[in-house]
Amino acid sequence: MALNYKSAGVDIEAGYRSVELMKEYVKTTVRDEVIGGLGGFAGAFSLSKIKEMDDPILLSGTDGCGTKVKLAFIMDKHDTIGIDAVAMCVNDVACAGGEPLFFLDYIACGKNIPEKIAAIVKGVAEGCRQSDAALVGGETAEHPGLMPEDEYDLAGFTVGVVDRKDMITGENICEGDVLVGIASSGVHSNGFSLVRKIFDMTKESLNTYYDELGETLGEALLRPTRIYVKALKNIKDAGIVIKGCSHITGGGFYENIPRMLPDGVSARIRRDSYPMPPIFTFMQKTGGIDDKMMYNTYNMGLGMVLALDAKDAGNAIAAIEQAGDKAYIVGEIVAGNKEVELI
């Protein structure tokens, strides 16, 4: 029998079918600037509108979902993990004051099962719609012999734009500014290597309902990362200046909040200033994890923390809530050495 690509483990026809199935999701993300359709060698996007800016700055972000994909495998639920991939990228662009323009995804899989790939891309498209980014292309790579047939990895990147005068740099943060936290939807997409040590990663365990959570463990853990693009845009459209913005990802409070702080100040955050999702208490109790590790690994209920002039905090919270998010005054900027104090 003659060797061919299919006998080597790569099914080109399955790839074609995947593209056909995902096209219906991709077209829901199209913006006016998108040129051409899916299937070209490069995604094309017009920059004509950027010419209206005084000094346009391109922003970019790339990320993946980490080992959260393992939960998707176990639960055989693949239509939300794509939201996580988009969120991790577009939230970083929004954190700098930018508007995400377009997104591309990369799926590496052991075996291309068209319906599964389409479900993943459905989630990617949903994340793009939530952030008003166009899904202009991507890649599905079949890796037989390198990855198990039922597994995949998902990553992507986004490009956004901001007028230089609107960039969020943190350089003007000063003592007396207020910290506003925007609620997370749960664990988001970081710290899942520790999550998988705390809980048994079986279908039975993930499908177990817990009164403390008000849902199954799998539902709580797989809930997609919140996308904050519209919340931050609402603040900007309200004429409010965001002095600093921190996307709380891997490294939790202790690593991410100092990234927005200039020299001479620190952030003081009150733990009881906002409602913490029960999944974090449940994880800490089940795993016997100390407070410092929790706040150094997870978002603990705040997906973003903003630094604002105290007079703007109320209007900013109102703008955030108009976007469908919850926000709280969680602390203030004090004199210090770019540290985080939890009280």
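First, a word on what this report is: a plain description of the structure on this page.

Structural notes on the nonpolar core
With 48 residues, the main nonpolar core has Tyr152 and Leu232 as its most contacted residues. If you tally residues by element for this core, the top one is helix 3 (residues 81-95), at nine residues. Ignoring anything within four residues of it in the chain, the contact list for Leu232 reads Ala94, Cys95, Ile182, Ile242, Cys245 and Met304. The next biggest cluster of nonpolar side chains, apart from the first, holds 41 residues, and it includes Leu206, Leu213, Val265 and Val305.

Quick word on the sheet that holds strand 14 (residues 340-342)
Spatial ordering of the open sheet is given by 10-12-7-13-11-14, a layout of six strands whose pairing is mixed. The two strands at the open ends of the sheet, each matched to only one other strand, are strand 10 (244-247) and strand 14. Put simply, the sheet's adjacent strands are angled 25° from each other on average, direction ignored. As judged from the three bridges shared by strand 11 (residues 265-269) and strand 14, these two strands associate in the parallel manner. Within the sheet, the bridge partner assigned to Arg268 lies in strand 14 and is Glu341. Packed onto the sheet, helix 12 (residues 313-322) meets strand 7 (178-183), strand 12 (302-308) and strand 13 (327-335) and runs at close to 145° relative to strand 13.

Here's the deal with the pairing of strand 13
In the sheet, strand 7 pairs with strand 13 via five bridges, with the strands oriented antiparallel. In the strand pairing of strand 13, Leu179 is matched with Gly331. Two strands pair when backbone bridges link them, and strand 11 and strand 13 are joined in this way by five bridges, in the antiparallel orientation. Its bridge partner lying in strand 13, Ala267 is registered against Ile333.

Here's the deal with the pairing of strand 12
Across the seven residues of strand 12, seven count as buried, placing the element largely inside the fold. Examined bridge by bridge, strand 7 and strand 12 share six bridges and lie antiparallel to one another. Each bridged residue has a counterpart across the sheet, and for Leu179 the counterpart in strand 12 is Ala307. Looking at chain direction, strand 10 and strand 12 are connected through four bridges and run antiparallel. Looking at strand 12, one finds that His247 is bridged to Met304.

Notes on the environment of Val330
Take Val330: it is sitting in strand 13. The exposure class assigned to Val330 is buried, which follows from its relative accessible area of 0%. Spatially, the C-alpha atom of Val330 lies 9.4 Å from that of Ile182, the residues being 148 residues apart in sequence. Ignoring anything within four residues of it in the chain, the contact list for Val330 reads Leu179, Val180, Gly181, Arg268, Ile269, Arg270, Ser273, Tyr274 and Leu302.

Description of unusual backbone geometry
The phi torsion at Asp132 lies on the positive side, around 55°, for a residue other than glycine. Mapped onto the secondary structure, Asp132 falls in the loop between helix 4 (114-131) and strand 5 (134-142). Here Met300, not a glycine, exhibits a phi torsion of approximately 55°, which is positive. The topology assignment puts Met300 in the loop between helix 11 (291-295) and strand 12.

A short note on the pattern of salt bridges
Applying the stated criterion across every chain yields a total of 21 salt bridges. Among the ionic pairs, Lys49 bridges to Glu33, the shortest N-O distance being 3.9 Å. Linking Lys49 in the loop between strand 2 (44-45) and strand 3 (56-64) with Glu33 in the loop between helix 1 (12-26) and strand 1 (34-35), this pair joins segments that are 16 residues apart in sequence. With a relative accessible area of 7%, Glu33 lands in the buried category. As a salt-bridge pair, Arg270 and Glu332 come within 2.8 Å of each other at their nearest N and O atoms. Here Glu332 lies in strand 13 and Arg270 lies in the loop between strand 11 and helix 10 (278-287), a separation of 62 residues in the sequence. Taking the relative accessible area as the measure of exposure, Glu332 reaches 22% and is therefore partly exposed.

Topic: helix 3
With 15 residues, helix 3 should cover 21 Å at 1.5 Å per step; its first-to-last C-alpha distance of 21 Å lies within 8% of that length. Where helix 3 bends most, the angle comes to about 25°, and this point is Ala87. Burial analysis of helix 3 places 14 of its 15 residues in the buried class, the great majority of the element. Taken from the residues just after helix 3, Gly97 is the one with a positive phi, measuring 95°.

Some points on the environment of Ala87
Tracing the chain through its elements places Ala87 in helix 3. Note on Ala87: relative accessible area 0%, which makes it buried. Considered as a pair, Ala87 and Val229 are 142 residues apart in the sequence and their alpha carbons are 9.0 Å apart. What Ala87 contacts, discounting residues up to four positions off in sequence, is Thr225, Arg226, Ile227 and His247.

Conventions adopted
- Residues numbered from 1 in each chain as written.
- Predicted model: local features only at pLDDT ≥ 70, side-chain atom pairs only at ≥ 80, totals over all residues.
- Heavy atoms only, no water.
- Core = buried A, V, L, I, M, F, W, Y, C linked by side-chain atoms within 4.5 Å.
- Buried < 20%, exposed > 50% of the residue type's maximum accessible area, 1.4 Å probe, protein only.
- Helix = DSSP H or I, 4+ residues; strand = E, 2+ residues; numbered from the N terminus.
- Contact = heavy atoms within 4.5 Å.
- Pairing = 2+ DSSP bridges.
- Axes fitted to C-alpha atoms, helices over the stretch in contact; angles between N-to-C directions.
- Salt bridge = Lys/Arg side-chain N within 4 Å of Asp/Glu carboxyl O.
- Expected span 1.5 Å × (residues − 1).
- Bend = angle between axes of the 7 residues up to and from the residue.

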